[in-house]
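Topology and contacts: notes
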Amino acid sequence: MLARADLRGRTLAVVSLTLDEARARAGVLSSVSYSLDLDLTGAETFRSLTRVRFSSAVAETFLELKGALTVSLLVNGAAVEAAYDGGRLRLTGLLTEAVNDVEVAATLPYTTDGDGMHTFTDPADGSRYVSAYLGMDNAAKVFACFDQNDLKATFAVSVSADPADTVLANGAVVSHDAGRWVFATTPPIPPALLVVAAGPWHSVRWTAELDSGTSLGFGWHARRSLATELDRDAAELRRTSEACFAHYADLIDEPFPFDSYDQVFVPGLNWGAQEMPGCVTYRDELLPRGAITDTQRAIRAVIIAHEMSHMWFGDSMTMTWWEDTWLQESFADYMGYRVAEAGAGFSDLRVEVEIGSKPWGYRADARRSTHPVAPLADDVPDVDTAATIFDGISYAKGGACLVQLAFWLGDEEFMAGVNRHLTRFRFANATLADFVESLEASSTKDVRGWVEAWLRRPGFDTVVARREGDVPVLERDGSRPNAFTVAAYDSALRLVGRRRVELGAEPLSLPEFAGLAVVPNAGGETFAALRFDPASWETLSGGLSRIEDPLVRAVLWSSTALQVRSRDLSADDYLDLVEAHLPAETRADIIEGVLSAARSVVIPQRVPASQAAGAVARVAAAAAAGLAASGEDEQRALAWAATLAATSADAEMLRGWLDTDRIAAGVPLLPTTRWEAVVRLASLGEADARLIATERDRDGTAEGDLGAARALAARPSTIAKDAAWEAMLAPGVDNRRFGALASGMWIPEQTHLLRPYVADYLAEAPALVSRGQAFAIEVGHAFPRIALDAAQLDALRAALAGDVPTILRRSWEDHLDDRE
Ligand SMILES: [Zn+2]
């Protein structure tokens, strides 16, 4: 018999692992391996049986296990009274001369917030899906473990599930019979990278013969109610997977490290995707209903390539502690764009980097919370702090820095260093210092100096263009060596010349471009703000949409949005540019990027509340003009329609769209845009609860439930806002519903009505975040997306002067910085 403690109903005080604890434990434990048996057949709770073997230099340590309802413990064959505080399980009496064998049997609750063993019942068909979403320090919500990246271990996993379910996990399936699934033992991986996904998945599978003479099983999986969508996209998903896989095989010396490659669209994932070894999970919004737009296809291909790169960058070679998050995410960001373009054939992805990704990095880098791409370990003292650095710095800026590194070093030297690193640390852990050593061995350049300037310092330089007479001169306001392309245009915006420059501390004169308008960073190679000389700006801003190269247009648009943020350009001037030039823009990704900046950055952060309605109306006018100018180009029309649906005050037009399920002849109303229109009508007071219920029934999916919740919350009445706020506070509200309610709640033109809820949010949010990191991030996202007045900003400052949990504090400080 195993000793058993009943922990039902106790309050947990779970603390996140600290750097000091992790270092101490890694110093005394070694040769860790796990056997894990999960029983997912229970309706309310699941059972987790962990057997962990390890060597220890000390007699005492601890396993993490979070929120277990019952726990029993066997240490080297003997039943032991579990010393368990709801977060950690104390192990005593360990052998120091022989291998220890510890068994932990636990009952744990399912979750609905995307951290841990997440359950989801599909309203479309009643099917239930149960998936372990780990990462960060969530593994302990599923099994007892030494939950840190540098205690890698092999995992032998078996799962009992509903016999009608398919179960997916990291390793290939060894056997399955009557609901019991056994998986091949994994190579050494961090506990946080374990995955299990059970449910009646719809699957598309194939086997590929590899150059090495072996074969590898591939699969794409989605909820049964998304079978039509998966089948619609299956050929492209397979082609993209195979092309990226082949490209990595060319690029990377180390063979693919795992025994299978499944990719699953899962419900309720907090991340865009998670790089679980051999079995990647994607949020299933990436499999949209109706048509998928070209921008969505391109971004999805980038994510596929991003996650595949993690098989090496992160899964095989893993950071030691979280300060090197960039060493995984910046690489995956960089490789995602590179391989989706060069391998899978999605063209012009640098445009998306400039218009969609890098602005995220610039915004993050301009806040007080900015940090070096590669911070010091001591600056990331615990896992909660680590959860705050999965930000625009670690992804977008780090990825941009690697573009700059490869451009400066030369691609051959860069890839030689990268390959040396991946081979040295196969199935092991590494740090920045190890990476620098790997790069130095393949280059004669001053890699250390580059790393110091680009990865160890926060912030970014500004490249300033001025004139000496007619001659453009570039100067650097900052401290980094910037290598980039300069493009020069005549007054008709014809490209006259391009050249590569390296800008250091000395001004750089460009006599060959005398009298011409110049665009620094025209190839998007560096990560820097731009200031144009007045003559160049007059030419460029006078004909933005006529510049032939979409990458240059994207660079200019992003630079403009950044100038609004730094208050070098007014919101009015920005909206003038949008109205004057965006309707003629030919690329949907640029249209979407500019409109997103206008709606999510410029209006809430730089337009006073009293002028918000006018600013939204200007965006709507531009969208109407853009839609009219789209002609036969359906991609452009769909991009414009999405924004018009969310900003228009023309209720009759929006109702017409719902009636016909079309935007215009030949342009379908996509399900997501349809919900934008319903939410918009609701916010205008033009859609009542009955109309919303009719729309929800017509839709019949999880997305329809969320759309209806959002629309009900958007209605301009205190009763509707009260109901939404109460629903957000309901215990157990799931992550998606919480996000939908918040999105419906905060409408820029309802500032007056929303006043009391801003105060309620500040008062009640800190208590909501105790559910865990993912929900804490969600609560941060629910921050009022409206203009705040001076008194409200003071209230936010006062709240921050008190005790605010780590993740929420980071989010609030960012919101405050964005508005100051
Ligand atoms: Zn990633």
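Residues numbered from 1 in each chain as written. Predicted model: local features only at pLDDT ≥ 70, side-chain atom pairs only at ≥ 80, totals over all residues. Heavy atoms only, no water.

**A look at the side chain of T560**
Assignment of secondary structure puts T560 in helix α12 (residues 550-565). Non-local contacts of T560, meaning those with residues more than four positions away in its chain, are made with W537, L569, Y574 and L577. (Helix = DSSP H or I, 4+ residues; strand = E, 2+ residues; numbered from the N terminus. Contact = heavy atoms within 4.5 Å.)

**Re helix α2 (residues 227-251)**
Compared with an ideal rise of 1.5 Å per residue, which puts 25 residues at 36 Å, α2 spans 34 Å between its outermost C-alpha atoms and is within 8% of the ideal. The principal kink in α2, of about 55 degrees, is found at D233. (Expected span 1.5 Å × (residues − 1). Bend = angle between axes of the 7 residues up to and from the residue.)

**Description of the nonpolar core**
L40, F143, F146, V196 and F414 are the most contacted members of the largest nonpolar core, which has 144 residues in total. In this structure F143 touches Y34, L36, S48, T50, E64, L65, L134, F155, P191 and L194, once residues within four positions along its chain are discounted. Counting residues in hydrophobic clusters, the runner-up holds 85 residues, among them V486, V578, A620 and A623. (Core = buried A, V, L, I, M, F, W, Y, C linked by side-chain atoms within 4.5 Å. Buried < 20%, exposed > 50% of the residue type's maximum accessible area, 1.4 Å probe, protein only.)

**Topic: the pattern of salt bridges**
If you walk through the whole model with that rule in mind, you get 57 salt bridges. Among the salt bridges present, the one from R531 reaches D568, with a minimum N-O distance of 2.7 Å. Pair noted here: R531 is in strand β30 (residues 528-531) and D568 is in the loop between α12 and α13 (571-581), with a separation of 37 residues, a long-range link. Using a relative accessible area of 24% as the deciding quantity, one classes R531 as partly exposed. Taking the relative accessible area as the measure of exposure, D568 reaches 45% and is therefore partly exposed. Notably, a salt bridge pairs R710 with E676, separated by 3.1 Å at the nearest N-O pair. Taken together, the positions of R710 in helix α20 (residues 702-714) and E676 in helix α18 (residues 671-683) put the pair 34 residues apart, joining distant regions of the chain. Look at the salt bridges and you will find they share partners, linking R367, D391, R565, R810, D814 and D818 into a network. (Salt bridge = Lys/Arg side-chain N within 4 Å of Asp/Glu carboxyl O.)

**Structural notes on the coordination of the zinc ion**
Around the zinc ion, the protein contributes the donor atoms H306 (NE2), H310 (NE2) and E329 (OE), at 2.0 to 2.1 Å from the metal centre. Expressed as a motif, the donor residue spacing for the zinc ion is H-x3-H-x18-E. With H310 in helix α3 (residues 294-310) and E329 in helix α4 (residues 325-342), the pair connects residues that are 19 residues apart, well separated along the chain. H310 sits in the buried class, given a relative accessible area of 0%. (Donors = N, O, S within 2.8 Å, 3.2 Å for Na, K, Ca; no water.)

**Quick notes on the packing of helix α5 (residues 349-365) against α12**
For any two helices packed against each other, one specifies the crossing angle of their axes together with the interaxial distance. Interhelical geometry of α5 versus α12 gives an angle of 20 degrees and a closest axis separation of 8 Å. Classified by the angle their axes make, α5 and α12 are roughly parallel. The crossing of α5 and α12 is right-handed. In this structure, α5 uses R350, V351, E354, I355, P359, Y362 and R363 to contact α12, whose residues at the interface are P550, L551, A554, V555, W557, S558, L562 and R565. Of the residues contributing to the contact of α5 with α12, the split by class is 10 nonpolar, one polar and four charged. (Axes fitted to C-alpha atoms, helices over the stretch in contact; angles between N-to-C directions. Parallel < 35°, antiparallel > 145°, perpendicular 65-115°, else oblique. Left-handed = near helix turned anticlockwise from the far one by under 90°. Nonpolar A, V, L, I, M, F, W, Y, C, P; charged D, E, K, R; others polar.)

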